[in-house]
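A closer look at the structure
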Amino acid sequence: MSRINGNKKPIAIFSGGGTRFASYVGMYAAMEDLGIKPDVVIATCGGAISTAIINSFSNNAQRKAYLQSDEFFNFVKTERLTQHSRLDKIGWYCLQKVFNKEKAPTIENVFDNFIVNMPNDLSKQLPSLSMSFNTNIKSVFIGSELLFSKNQVGHARNGKALYQKVLFTDPETAANIDLEKINIQSESYKNTAIHPQTKIISDITVPMAMRISISDMFYMQPAQYNGQHYLGGAIDLVPLELSQALGDTIIMEQKQSYSRVEEALVRSVFGFSGNERLGEINNTLVNHSIDTRSIEKELQNHYVKKYIEWTKFKVNITLPQSHLKFKKDMEVQWAYGYNKVKNSLKP
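Residues numbered from 1 in each chain as written. Predicted model: local features only at pLDDT ≥ 70, side-chain atom pairs only at ≥ 80, totals over all residues. Heavy atoms only, no water.

**Structural notes on the overall build of the protein**
- In terms of regular secondary structure, the protein is built from 12 helices and 13 strands.
- The C-alpha atoms of the protein give a radius of gyration of 19 Å, which matches the 20 Å a tight globule of 347 residues would have.
- Across its three principal directions, the C-alpha atoms of the protein cover 55 × 50 × 35 Å.
- By residue count, 56% of the 347 residues in the protein fall in the buried class.
- For the protein, long-range pairs separated by at least 24 residues make up 81% of all intrachain contacts whose partners lie at least 6 apart in sequence.
- If the 40 positive side-chain charges of the protein are averaged to one point and the 33 negative ones to another, these points end up 4 Å apart. (Helix = DSSP H or I, 4+ residues; strand = E, 2+ residues; numbered from the N terminus. Rg over C-alpha atoms; globule rule 2.2 N^0.38 Å. Buried < 20%, exposed > 50% of the residue type's maximum accessible area, 1.4 Å probe, protein only. Contact = heavy atoms within 4.5 Å. Lys, Arg positive; Asp, Glu negative; His and termini not counted. Charge placed at Lys NZ, Arg CZ, Asp CG, Glu CD.)

**Quick look at the environment of G154**
- Along the chain, the position of G154 falls in the loop between β5 (138–146) and β6 (163–168).
- With relative accessibility at 54%, the residue G154 sits in the exposed group.
- Sequence separation of G154 and Y189 is 35 residues, and the distance between their C-alpha atoms is 22 Å.
- The residues contacting G154, other than those within four sequence positions of it, are T106 and I107.

**A closer look at the pattern of salt bridges**
- Taken as a whole and assessed by the stated rule, the structure comprises 13 salt bridges.
- Measuring nitrogen to oxygen at the nearest pair gives 3.2 Å for the salt bridge that ties R277 to D236. Of this pair, R277 sits in helix α10 (residues 274–282) while D236 sits in the loop between β9 (228–231) and α8 (240–246), and the two are 41 residues apart along the sequence. For the residue pair R277 and D236, the accessibility class agrees, reading buried in each case.
- One salt bridge in this structure joins R277 and E241, with 2.8 Å as the shortest N-O distance. Separated by 36 residues along the polypeptide, R277 in helix α10 and E241 in helix α8 bring together distant segments of the chain. When sorted by exposure, R277 lands in the same class as E241, which is buried.
- Overlapping salt bridges, with partners in common, bring together K165, D236, E241 and R277 in one network. (Salt bridge = Lys/Arg side-chain N within 4 Å of Asp/Glu carboxyl O.)

**Here's the deal with α10**
- Those residues of α10 that sit buried are G274, R277, L278 and I281. What you see down the axis of α10 is that its buried residues fit within an arc of 100°, all on one side.
- At its buried positions, α10 is contacted by α8, β10 (249–254) and α9 (260–270). (Arc of directions from axis to C-beta.)

**Overview of the packing of aromatic side chains**
- Counting across every chain of the model gives 15 aromatic pairs.
- On the basis of an interplanar angle of 70° and a centroid distance of 5.9 Å, the ring pair of F168 and Y230 is categorised as edge-to-face. On the criterion of sequence distance, the pair formed by F168 in strand β6 and Y230 in strand β9 is long-range, its members being 62 residues apart.
- Given the relative accessible area of 0%, F168 is considered buried.
- One residue, K64, lies across the ring of W334, its end atom 4.0 Å from the ring centre.
- Geometry around F99 places R260 over its ring, the cationic atom sitting 5.8 Å from the centre. (Phe/Tyr/Trp six-rings, centres within 6.5 Å; stacked < 30°, edge-to-face > 60°. Lys NZ or Arg CZ within 6 Å of the ring centre and 35° of its normal.)

**Re a nonpolar patch on the surface**
- The grouping of W92, L95 and F99 at the surface amounts to a nonpolar patch, some 370 Å² of accessible area in total.
- Looking at where W92 falls in the secondary structure, it is placed in helix α5 (residues 87–99). (Patch = residues over 30% accessible without salt bridge, like charges linked within 9 Å, V, L, I, M, F, W, Y side chains within 5 Å. Areas by Shrake-Rupley, 256 points an atom, 1.4 Å probe, with all protein chains shown as cover.)

**With respect to unusual backbone geometry**
- Even without a glycine there, the phi angle at C45 is positive, about 50°.
- Counting through the fold element by element, C45 comes out in the loop between β2 (40–44) and α2 (47–56).
- Positioned with a positive phi, F218 is a non-glycine residue whose angle comes to about 70°.

**Some remarks on the pairing of β6**
- Counting buried residues in β6 gives 6 out of 6 residues, a clear majority hidden from the surface.
- Burial along β6 is two-sided: Y163, K165 and L167 facing one way and Q164, V166 and F168 facing the other are all buried.
- Alignment of β5 against β6, held across 6 bridges, turns out to be antiparallel. Looking across to β6, one finds that G143 is bridged to V166.
- Sheet analysis places β6 next to strand β7 (residues 199–201), joined by 3 bridges and oriented parallel. Counted as the bridge partner of F168 is I201 from β7. (Pairing = 2+ DSSP bridges.)

**Here we look at the state of the cysteines**
- As enumerated under the stated definition, the model contains 0 disulfides in all.
- Free of any disulfide, C45 has its nearest cysteine sulfur in C94, 16 Å distant.
- Among the residues examined, C94 registers a relative accessible area of 11% and is labelled buried. (Disulfide = S-S within 2.5 Å.)

**Looking at empty space enclosed by the protein**
- Summed over all chains, the structure comprises 1 cavity of 30 Å³ or more.
- In this structure, the largest cavity occupies an estimated 50 Å³ of space.
- Y189, A234, I235, D236, L237, V238, Y258, F272, G274, R277, L278 and I281 together form the lining of the largest cavity. (1 Å grid on protein atoms, 1.4 Å probe; cavity = no way out; pocket = protein on both sides within 12 Å on 5 of 7 lines; lining within 4 Å. Points joined across faces, edges and corners; volume = space filled by probe spheres on them.)

Pasting the structure below:
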């Protein structure tokens with residue numbers, strides 16, 4: 001692909017990286033080295049951790065060093081599973097959802113059914129991250145506000161909106177977002193459980209915005225902020241419409257498809273097909289597409305991954321066994337992201 005013209009406004013989307021945080025930081029480093037630093041980075045799910053790190057440090061050497069730091073290593077290795085990781089709980093639940101093709105017919109219990117314990121306030125675990133948005137590195141984090149209470153769980157939805165997409169950013173960036181221009185008009189979003197209007201919150205800290213955006217349903221407990229509950233960026237994993245409203249040159253991934261379980265959970269909670277949405281996005285002409293569909297294969301054994309431990313009849317995760325191995329994993333991830341961008345956007 002050709003290099004981005006200097007008079008364009010590039011917007012980068014970092015979405016759904018799971019625990020492959022360093023790959024996005026490597027992508028950002030390559031963009032800077034190519035002279036195409038994004039005007040705005042839009043972050044969803046796992047990409048929010050990467051964007052928080054980019055937001056918190058002034059250069060790529062510092063960002064890379066933080067990824068390999070004691071602080072970040074301790075944060076990753078202390079993930080703890082809940083009782084819902086048992087296959088007779090989350091496994092049976094997922095199996096039921098795979099075979100139920102209805103679009104969010106009932107209000108799911110996302111309050112209690114999650115497999116990873118995560119503190120609500122991550123600033124204590126990650127004190128090196130900036131509390132305030134860096135206006136020199138503009139970013140938008142995506143999350144979803146719950147529009148129902150716990151006592152409504154299990155009730156029929158009856159066509160009601162259950163979630164509202166929320167953008168978390170600084171006041172200056174917020175002022176440049178026309179909410180009327182970012183509504184999703186796709187076929188896959190008809191009759192969903194999503195409120196038709198998006199809202200913006202611009203008085204939030206970076207760690208809190210990050211905690212909200214990574215709060216995948218059934219993976220971790222919803223985040224709480226100002227008396228409200230929030231899930232993560234899966235409500236709009238690849239926010240194409242937002243990026244088009246903010247800039248004229250879009251840098252985004254061509255992502256792998258949702259698994260059967262992932263597709264089923266998105267459908268049961270939000271009421272749309274994640275794979276139909278990805279298909280529509282992949283068929284949309286964008287300026288620069290980074291093909292990361294092979295990321296699981298190419299980064300195998302270099303990130304925290306969920307797997308089934310049959311001897312214990314539960315879902316488990318592959319935590320890093322040593323800090324030395326973790327440093328290597330971060331190096332491999334970073335190089336993957338860096339080289340993907342360099343090879344895709346080279347002159």
